[in-house]
Amino acid sequence: MTTTPPPAQPEENNAHTHPLFTRAVRMHRPSLLKDPTTLFSEKVSSEQSSVYALLKPPFIAAQHMQASEPIACASSFPDSDVSVIPSFDVEEVPADQQLTWLIPAVATLERLKKMPSIISEDGNPMALLSKLIKDSGIYAIASCLSPLLSLFVSPFLAHHLTYMDYGMLILLNTTIALLAGLSQCGLGSAFVQIYHRVDTSRETQRRVLTTVCLLMFMLSCACLLIIACAASEIARWLLHNSAYASVVRIAASVLFIQNFVVPTLALLRAERRANLFCLLSVLNLLVAAGLTYVLVGILQWGSSGALLAVGGGSLCVGICQLPIIWRRARFCLDWKIIKELFVFGLSTVPGFLAVWILQLSDRYFLSWLGFLSQTAGYGVAYTLGNVLGPLVIMPFSLAWYSTMYGIARRTNASTIFCFVFRWYCLALLFCAFFVALFANDVLTWMFPPAYASAEMIIPFIALANVFYGLFELFMVGVLLREKVRFTILFLPLAAVVHIALNCLLIPNYGIVGAAISTLVAYLLLACVAYFVNQRIYPLPFEIGLFGLALCLGIVWYIGAMLLLRGQSVVMHWIILGGIGCLYGGILFLLGHIPAKK
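Along each chain, residues carry numbers from 1 onward, in the same order as the chain's sequence is written. Totals for whole chains, interfaces and linings use every residue, but because this is a predicted model, local features are given only for residues with pLDDT of at least 70 and side-chain atom pairs only at 80 or more, for both listing and counting. Neither water nor hydrogens contribute to the side-chain values; these are computed over all heavy atoms in the structure.

Chemist: Got a minute to help me understand the overall build of the protein in this structure?
Modeler: Looking only at helices and strands, the protein features 24 helices and 0 strands. For each residue, the accessible area found with a 1.4 Å probe, counting protein chains only, is set against the maximum for its type, and the residue is called buried under 20%, exposed over 50%, and partly exposed in between. Across the 597 residues that make up the protein, the buried fraction comes to 45%. Across the protein, contacts joining residues at least 24 apart in sequence account for 79% of those joining residues at least 6 apart. Secondary structure elements follow DSSP: runs of H or I of four or more residues count as helices, runs of E of two or more count as strands, with numbering from the N terminus. Any pair of residues with heavy atoms lying within 4.5 Å of one another is described as a contacting pair.

Here it is, written out as structure tokens:
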């Protein structure tokens, strides 16, 4: 009787226990995950070749393949003994022993290789802070010069313009900011987005630049023509006097010139030419400041001279940009690019409107509700309280939006995000405390006595900036999870609340009501963003630590205001300096409290 031999047992797959395999996992896994195309590279050492031979998926041909050869498939070896499927039956190998690849979900390997990595391998949080400061440094120069120059130009204008004329100038600048955002249709942001696409060629980039320039020119011309024709009605509606129609036409001309330089500045940002961007920005500010001194201080042209000075600075930048545009432009319109520009650009307009309502619309409410005389004081106090934005928040945001993607790819991303939140919120609180503590003295020292009554709103505006800075940080989950639709909720919701509170508070409390409305709107914005972030991308932000630091700051500020009453000048500055240093020391100690696991 013939005995049937037992079926041969499949050879156990022990590749994962091989010493070289273990060594590969330990030594080469980071590099392979960063660039899986290394697996198919022909420029490998003999040791790497043996290691990668074990790491290669089993469906690759047995012989070593060159980088230029495609992955083997059944039709590639019709007359060959090379087996595409290995000698063992995959179905008989347990799933936990089959060799598999864990590759990030990126459309192509080549695109993965192009993805930047800004975070060092060691993941040192202090190195991260150093990187953030370095990346934002150049842009911060232009951002810092603008508010600093405004601090000097604003007192100059306050001393050379009447209280009503300065309020009218603030309303016109607010209107220019609104019309600039509407007439630009988000083309600057859309240009940067299309310019950075992986599949955008050099020729396409030139066509995009040309198309943006021509579109911006046509939109600005249309806006200029409409405002020039309706100048009298706009002056009667906005400034309560049709005699200011000529000033409205000047404002329209300034708007046209400012829109003219948008494509060049967007190009410099897209090409990361920060030095030239900063140089042109500084040139704009210096020329505007010089023309303000000449036109307002010497020639006594009033608010018209102040507007012409702003336009002169932008015109100087526009003249300097002509060689850049001329070398790169291809004078033709691409309708496909036009569609892409408007699709992306117009989607940013609602967000711009919401931001404008949050930051500037209260000037209109003060004017419409009979507080035009207080608009000038509110504008000056708002400028002093708002220095936190361009000095701290804007430079940080320029570096943060590119750095957070590198953080998110790390295994300790949660720890790093919380580390950044802790020190960023403490820095914001210290800067806001410093502004609220010393801005009153700056207001009294640099501005006429008529503006002193607006000093009470400076702490509200400074604290509102703190919450806006936190909102920028709480957007990390929305951006990383690509839930951009939530931005349609955040800003408009805060804008609607801001409008409602303005209508409720300004008639009864004037500029104080406007400041409280701004603070509440930004607080709501930060809270909504935080709760949404915790649902889609939970991070253990230390809200308790922030709340403790905020309460201590409020107590210290109230105590300082009580101690300063009736003090001499010397004691006044000693108390201010001592309280500022003590609060800074408290924040420093809070920053070194061990984080909860």
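Picking up after the structure, the text goes on.
Chemist: I tried to follow the nonpolar core on my own but got confused; where do I start?
Modeler: Here is a general trend for soluble globular proteins: nonpolar side chains tend to be buried in one another's company. By size, the foremost hydrophobic cluster in this structure holds 124 residues, and its most contacted members are Leu 157, Phe 417, Phe 471, Phe 490, Leu 525 and Phe 546. The leading source of residues in this core is helix α18 (residues 413-446), at 19 residues. If we ignore the near neighbours within four places in the chain, the residues touching Phe 490 are Phe 471, Met 475, Val 478, Leu 525, Val 528, Ala 529 and Val 532. The definition of a nonpolar core used throughout is a set of buried Ala, Val, Leu, Ile, Met, Phe, Trp, Tyr and Cys residues joined through side-chain atoms within 4.5 Å. In terms of nonpolar packing, the next biggest core, distinct from the first, is built from 23 residues, Met 216, Ala 270, Ile 324 and Ile 338 among them.

Chemist: How should I be thinking about the packing of helix α8 (residues 202-229) against helix α11 (residues 262-270) in this particular structure?
Modeler: Describing two packed helices takes the angle between their axes plus the distance from one axis to the other. The axes used here are C-alpha line fits, helices contributing only the stretch in contact, and every angle between their N-to-C directions lies in the interval 0 to 180 degrees. Here α8 crosses α11 at 150°, and the two axes come no closer than 9 Å. Comparing their axes, α11 and α8 come out roughly antiparallel. Read as a crossing pair, α8 and α11 show a hand that is right-handed. Contacts between α8 and α11 involve Leu 209, Val 212, Cys 213 and Met 216 from the first element and Val 262, Pro 263 and Leu 267 from the second. Residues are grouped as follows: Ala, Val, Leu, Ile, Met, Phe, Trp, Tyr, Cys and Pro are nonpolar; Asp, Glu, Lys and Arg are charged; every other residue, Gly included, is polar. Looking at the contact of α8 with α11 residue by residue, the classes come out as 7 nonpolar, no polar and no charged. To sort the angles, those under 35 degrees are grouped as roughly parallel, those over 145 as roughly antiparallel, those from 65 to 115 as roughly perpendicular, and the leftovers as oblique. Take the far helix as your reference; a near helix turned counterclockwise from it by less than a right angle gives a left-handed crossing, and one turned clockwise gives a right-handed crossing.

Chemist: Where do I start with the side chain of Ser 281 in this structure?
Modeler: Mapped onto the secondary structure, Ser 281 falls in helix α12 (residues 274-298). A polar atom in the side chain of Ser 281 sits 2.9 Å from the backbone oxygen of Phe 277. Any N or O atom pair separated by 3.5 Å or less is treated as a polar contact, with the protein-specific requirement of one donor-capable and one acceptor-capable atom, and with residues adjacent in sequence counted only for side-chain atom pairs.

Chemist: Is there a simple way to think about the packing of aromatic side chains in this case?
Modeler: Each aromatic ring pair is specified by the distance between its two centres and by the angle formed by the two planes. Note on ring pairs: Phe, Tyr and Trp rings are taken, using the six-membered ring of Trp, and paired if centres are within 6.5 Å. Classes follow the plane angle, with under 30 degrees stacked, over 60 edge-to-face and the rest tilted. In the structure shown here, the tally under the stated rule is 29 aromatic pairs. Taken together, a centroid distance of 6.2 Å and an interplanar angle of 75° make the contact between Phe 467 and Phe 546 edge-to-face. Here Phe 467, found in helix α19 (residues 458-474), pairs with Phe 546, found in helix α23 (residues 543-563); they are 79 residues apart in sequence, far enough to count as distant. Judged by its relative accessible area of 6%, Phe 546 is buried.

Chemist: I would appreciate a short explanation of empty space enclosed by the protein in the present structure.
Modeler: The rolling of a water-molecule-sized probe over the atoms marks out the regions of remaining empty space. Within this scheme a cavity is a closed region of a 1 Å grid, computed over the protein atoms alone, that accommodates a 1.4 Å probe without allowing it to escape, whereas a pocket is open but has protein on both sides within 12 Å along at least five of seven lines; lining residues each have an atom within 4 Å of a point. Grid points are joined across faces, edges and corners, and a volume is the space filled by probe spheres set on the points. On inspection of all chains with the given rule, the structure shows 1 cavity of 30 Å³ or more. By volume, the largest cavity amounts to about 40 Å³. Considering the residues around the largest cavity, the lining is formed by Tyr 195, Arg 202, Gln 205, Arg 206, Leu 209 and Arg 328. Tallying contributions element by element places α8 first for the lining of the largest cavity, with 4 residues. In the lining of the largest cavity, the residues fall into 2 nonpolar, 1 polar and 3 charged.

Chemist: For this particular structure, what's the right way to read helix α14 (residues 335-347)?
Modeler: Every α-helical turn comprises 3.6 residues, leaving residues that sit three or four positions apart pointing alike. Working rule for helices: expected span equals 1.5 Å times residues minus one. Helix length check: α14 (13 residues) gives 18 Å between terminal C-alpha atoms against 18 Å at 1.5 Å per residue, within 8%. When α14 is considered as a whole, its buried residues turn out to be Ile 337, Ile 338, Leu 341 and Gly 345. Each buried residue of α14 lies within a common arc of 100° when the element is viewed along its axis, so the set occupies one face. Turned more than 90 degrees away from the buried face of α14 sit Trp 335, Lys 336, Lys 339 and Val 343, all of them exposed. Where α14 is buried, its residues touch α7 (187-195), α8 and α15 (349-368). Directions from the helix axis toward the C-beta atoms define the arc.

Chemist: What's the story with the pattern of salt bridges in this structure? I'm lost.
Modeler: Opposite charge on two side chains makes pairing possible when the charged atoms of those side chains draw close. The term salt bridge refers to a side-chain nitrogen of Lys or Arg lying within 4 Å of a carboxyl oxygen of Asp or Glu. This structure, assessed with the given rule, holds 2 salt bridges. Notably, a salt bridge pairs Asp 362 with Arg 363, separated by 3.0 Å at the nearest N-O pair. Note on accessibility: Asp 362 and Arg 363 belong to one class, buried.

Chemist: What exactly am I supposed to notice about the packing of α7 against α8 here?
Modeler: Orientation of α7 relative to α8, taken along the N-to-C sense of each, is 175°, at an axis distance of 10 Å. By the criterion of interaxial angle, the relationship of α7 to α8 is roughly antiparallel. Across from Leu 187, Phe 191, Ile 194 and Tyr 195 in α7, the residues of α8 making contact are Arg 202, Gln 205, Val 208, Leu 209, Val 212, Leu 215, Met 216 and Leu 219. Looking at the contact of α7 with α8 residue by residue, the classes come out as 10 nonpolar, 1 polar and 1 charged.

Chemist: Just checking my understanding: could you explain the environment of Asn 502 for this structure?
Modeler: With respect to the helices and strands, the residue Asn 502 is situated in helix α21 (residues 487-509). Residue classification places Asn 502 among the buried residues on the basis of a relative accessible area of 0%. Sequence separation between Asn 502 and Ile 516 is 14 residues; the distance between their C-alpha atoms is 8.9 Å. Each residue touching Asn 502, except ones within four places of it in the same chain, is listed here: Ser 361, Asp 362, Phe 365, Leu 369, Pro 507, Ala 514 and Ser 517.

Chemist: What am I meant to see in the state of the cysteines here?
Modeler: Put plainly, two cysteines are in a disulfide when a covalent bond ties their sulfur atoms together. The definition used for a disulfide is geometric: two cysteine sulfur atoms within 2.5 Å. In total, this model carries 0 disulfides according to the counting rule given. Cys 185 forms no disulfide, and the closest cysteine sulfur to it belongs to Cys 223, at a distance of 9.8 Å.

Chemist: Looking at this model, I keep getting lost on unusual backbone geometry. Mind explaining?
Modeler: Generally, phi is negative for residues other than glycine and the peptide bonds are trans, each holding for most cases. In this structure, Cys 185 takes a positive phi of about 55° despite not being glycine. Assignment of secondary structure puts Cys 185 in the loop between α6 (163-184) and α7. A positive phi angle, near 55°, is found at Gln 300, a position not held by glycine. Take Gln 300: it is sitting in the loop between α12 and α13 (302-328).

Chemist: Help me understand the confidence of the model for the protein in this model?
Modeler: Note: predicted coordinates in regions of low pLDDT should not be interpreted at a detailed level. Per-residue pLDDT for the protein averages 78, and the proportion of residues at 70 or more is 73%. Highest mean pLDDT in the protein belongs to helix α10 (residues 245-260) (94); lowest belongs to helix α4 (residues 109-114) (43). Note that residues 8-17 has pLDDT below 50 and, in this model, 12 contacts with residues that lie over four places away or in other chains. Every residue is assigned a pLDDT by the predictor, reflecting its confidence on a scale from 0 to 100. Segment residues 29-48: pLDDT under 50, and 37 contacts once partners within four positions in sequence are set aside and those in other chains are kept.

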